[in-house]
Every structure is written in structure tokens, then in C-alpha cells.
Amino acid sequence: MKIFFSVLGTRYSSPLGFTVSEPKLTEKLTLALPKGRVMGESLELLRRAGMNLSSSENGRTLKYDAGDALLIEMRNSDVPTYVELGVADAGIVGKDVLLEMSSNIYEPVDLGIAKCRLSLIRPVGESHVIRRVASKYPNITLDYLHGIGSSADVIKLSGNVELACLTGLADAVVDVVETGSTLKANRLEEVAVITESSARFVVNRAALKLKAGKLRPLIETLRELVKT
Ligand code: PRP
């Protein structure tokens, strides 16, 4: 069994070797969707792709039958795990999370929504050597730091990462920049863009074969939709 480490300088890893659920042939698709800003756009795309999907009745149901699919709602960063382990047949998740987790899942469509970038961020005007970097993306951060010849330590945080820079917990952070308003509000600046990201439609490899009749046409339709 692998575990998630959260100590300074440790290589982080995704879970492998767990029992993967067998998708059942007769069932509807189960889709893992991220809560929050991307949920609405994801549902809209799936509906435009021909799926008849209702929204959750009170907005707080985590798992429900939405009509043409069972929907399970979770944090963006948990989607690859649910899809890789076969609890969901497919899902929608940011490329940033996929890069971080290196999951063994099929990634057939760039949906072109939730566009953002992952950047190295520091307080405006700060230029001393970076010794500690905080991020929700420790693997990407470590790879980036190695790439630029830095041996800075990496601290894993779970949210409001910019706070690490403002409080002295870290000299810099690696985090998502979308509109740039969080940076502006906190007198922070992007020092380097590490990678661009957007939401991807992802598929469990076994489900792709066992539920090909449902998944293949959906993938093709989504591909056509995002071309236009
Ligand atoms: C993300 C990210 C930044 C912010 C960037 O946070 O971590 O804080 O959005 O967006 P902006 O460039 O449009 O200001 P999110 O609100 O998703 O929550 P989190 O900090 O808890 O991860």
C-alpha cells in the first residue's frame, strides 16, 4: 500500500495496487464531477452532448441518479482516484490535478473549460533565494524546482495556499491563477508560469471496454462539441 506523505522534501505519490471495481455492463454510466465553479459548465457540456441530466434537488446531494447517468460530486483532486479505481466510469477533472497525480486513466478530451495556469508566485518585488515553497501540487512543484536547479523544500497545503507567502510559512507558492484577482488582492505576483491547465474528460480503462457502447459515442460527441 502506498500512502500520501506530507513531510518536507518527500516525493509524493498516488495510490496504486488497490482493488479496482469491475464496471457492471447493464448499469448507467457513473460520472465523477468536481463541485464548485466547474460543476455547472460540466453539466452543460454533458447535456449538449445529448445526456439528459437533472441537477441535484437541494444542491447538497453527493450521489444521485440524474437520469442518463449516476452523478457523484467531489473535490476536483479526488476525481482521478474515483475514476482510476473504477467507482466512477468517467469524470471531469483539471489537467493540473492529472499532472500532479499521474493516474492511470484514459484522457480522451480536452473540454476547454476551467482554463487556468499553474504558476510560481511570490510577494511583489521579493527576490531573495527561495528555500521553501508551499503548494497543493507537491509533485509538480518538486519537478519544477529540480528543473530549475533549486533544492528548496516543498510544503503540502490544502487550500488558501497564497497565505503561506503572506505569513512567512514559505518564500513562494505554486498555485492556480485564473483571473489573477487573488494575486492582486494580496500583493503577490507570478514569477513563472509552470503549466497551462483546462478540464479534461477522463475515463476508467476497464469501463472504456465494458461500457464502450455508452462511452465511445459520448467521447466522440464531446470531441465534436469542443471543436466548435
Ligand atoms: C484557487 C487558487 C487561487 C484562486 C485563483 O482557489 O488556489 O487561490 O483560485 O483564482 P483567481 O486567479 O481567479 O483569483 P480556490 O478558490 O479554488 O480555493 P482554494 O484556495 O481553497 O484551493
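Bear in mind that the values here come from a model prediction, so they are computed numbers and not experimental data.

Conventions and cut-offs
- Residues numbered from 1 in each chain as written.
- Predicted model: local features only at pLDDT ≥ 70, side-chain atom pairs only at ≥ 80, totals over all residues.
- Heavy atoms only, no water.
- Near = heavy atom within 4 Å.
- Polar contact = N/O pair within 3.5 Å; in protein donor to acceptor, adjacent residues only side chain to side chain.
- Areas by Shrake-Rupley, 256 points an atom, 1.4 Å probe, with all protein chains shown as cover.
- Helix = DSSP H or I, 4+ residues; strand = E, 2+ residues; numbered from the N terminus.
- Buried < 20%, exposed > 50% of the residue type's maximum accessible area, 1.4 Å probe, protein only.
- Contact = heavy atoms within 4.5 Å.
- Pairing = 2+ DSSP bridges.
- Axes fitted to C-alpha atoms, helices over the stretch in contact; angles between N-to-C directions.

This paragraph deals with the site of the ligand. Neighbouring the ligand are 13 residues, the closest being Lys136, Asp175, Thr179, Gly180 and Thr182. Separating an oxygen atom of the ligand from a backbone N or O atom of Glu178 is a distance of 2.8 Å. Here an oxygen atom of the ligand sits 2.7 Å away from a polar atom, N or O, in the main chain of Gly180. Out of a free accessible area of 490 Å², the ligand has 74% covered by protein chains.

Take the environment of Ile92 next. The residue Ile92 is located in strand β4 (residues 90–94) in this model. Ile92 gets classed as buried once you look at its relative accessible area, which sits at 1%. Sequence-wise, Ile92 and Leu33 are 59 residues apart; in three dimensions their C-alpha atoms are separated by 5.5 Å. Setting aside residues up to four positions removed in sequence, Ile92 forms contacts with Ala32, Leu33, Pro34, Ser42, Leu46, Val79, Leu111, Ala199, Arg200, Phe201 and Val202.

Tracing the chain through its elements places Asn204 in the loop between β11 (199–203) and α7 (205–210). Side-chain polar atoms of Asn204 contact the backbone nitrogen of Ala207, separated by 2.9 Å.

Reading across the sheet, the five strands line up as β8-β7-β9-β6-β10 and stay open at both edges, with mixed pairing between neighbours. The outermost strands of the open sheet, each flanked by one partner alone, are β8 (153–156) and β10 (188–197). Geometrically, the sheet is characterised by an average inter-axis angle of 30° between neighbouring strands, direction not taken into account. Across five bridges, strand β6 (residues 116–123) lies against strand β9 (residues 172–177) in antiparallel orientation. Looking at β9, one finds that Ser119 is bridged to Asp175. Sheet strands in contact with helix α4 (residues 138–147) are β6, β7 (132–135), β8, β9 and β10, and its direction is about 165° off that of β8.

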